[in-house]
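So you can see what is in the structure, the chains are spelled out below.
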Amino acid sequence: MVIIINLEVFRLELNYLKQVAKGILGDKASGEISEAITALVTCFLSPNTYDSLSLSYLQTIEQYINQIQQEIEPDKYQLLMNNIPTIRIFMEKVKSEIPKC
């Protein structure tokens, strides 16, 4: 049951991040964030599938988050960051697991 709840929280955070990205950066950014996170989840579930693209996916997400930070007021950016803790933890976990090339 806890796993399902965590997945639901993750999904809600992803939808929130996509909506914020869409509103500030447009549909393309929102779609690319979603695709990158989906690919990272797949890699995370099967760690032997981590590849050179995994780092690229992380960089894509971080780049868009940085762009959002530049486009909005600091308090709104902090609200975004406070509302996506599961995604942030997930990204850090993936970073730590990607083999060093």
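Quick note: structure is the one above.
1. Re the nonpolar core
Ranked by internal contacts, the top residues of the largest apolar core, which has 27 residues, are Leu 17, Ile 37, Leu 80 and Ile 87. Looking at this core, the elements that each hand over two or more residues are α1 (2–25), α2 (27–45), α3 (52–71), α4 (74–82) and α5 (85–97). Element by element, the count of residues in this core is highest for α2, at six residues. Setting aside its immediate chain neighbours within four residues, Ile 37 contacts Phe 10, Leu 14, Leu 17, Ile 61 and Ile 87.

2. Here's the deal with the side chain of Glu 13
If you trace the backbone, Glu 13 turns up in helix α1. The charged side chain of Glu 13 is buried without a salt bridge, its nearest counter-charge being Arg 88 at 8.1 Å. Within the structure, the side chain of Glu 13 is placed 2.8 Å from the side chain of Thr 86, a separation counted as a polar contact. Those residues in contact with Glu 13, other than ones at most four positions away along the chain, are Asn 83, Ile 84, Pro 85, Thr 86 and Ile 87.

Basis of the calculations
Residues numbered from 1 in each chain as written. Predicted model: local features only at pLDDT ≥ 70, side-chain atom pairs only at ≥ 80, totals over all residues. Heavy atoms only, no water. Core = buried A, V, L, I, M, F, W, Y, C linked by side-chain atoms within 4.5 Å. Buried < 20%, exposed > 50% of the residue type's maximum accessible area, 1.4 Å probe, protein only. Helix = DSSP H or I, 4+ residues; strand = E, 2+ residues; numbered from the N terminus. Contact = heavy atoms within 4.5 Å. Lys, Arg positive; Asp, Glu negative; His and termini not counted. Salt bridge = Lys/Arg side-chain N within 4 Å of Asp/Glu carboxyl O. Polar contact = N/O pair within 3.5 Å; in protein donor to acceptor, adjacent residues only side chain to side chain.

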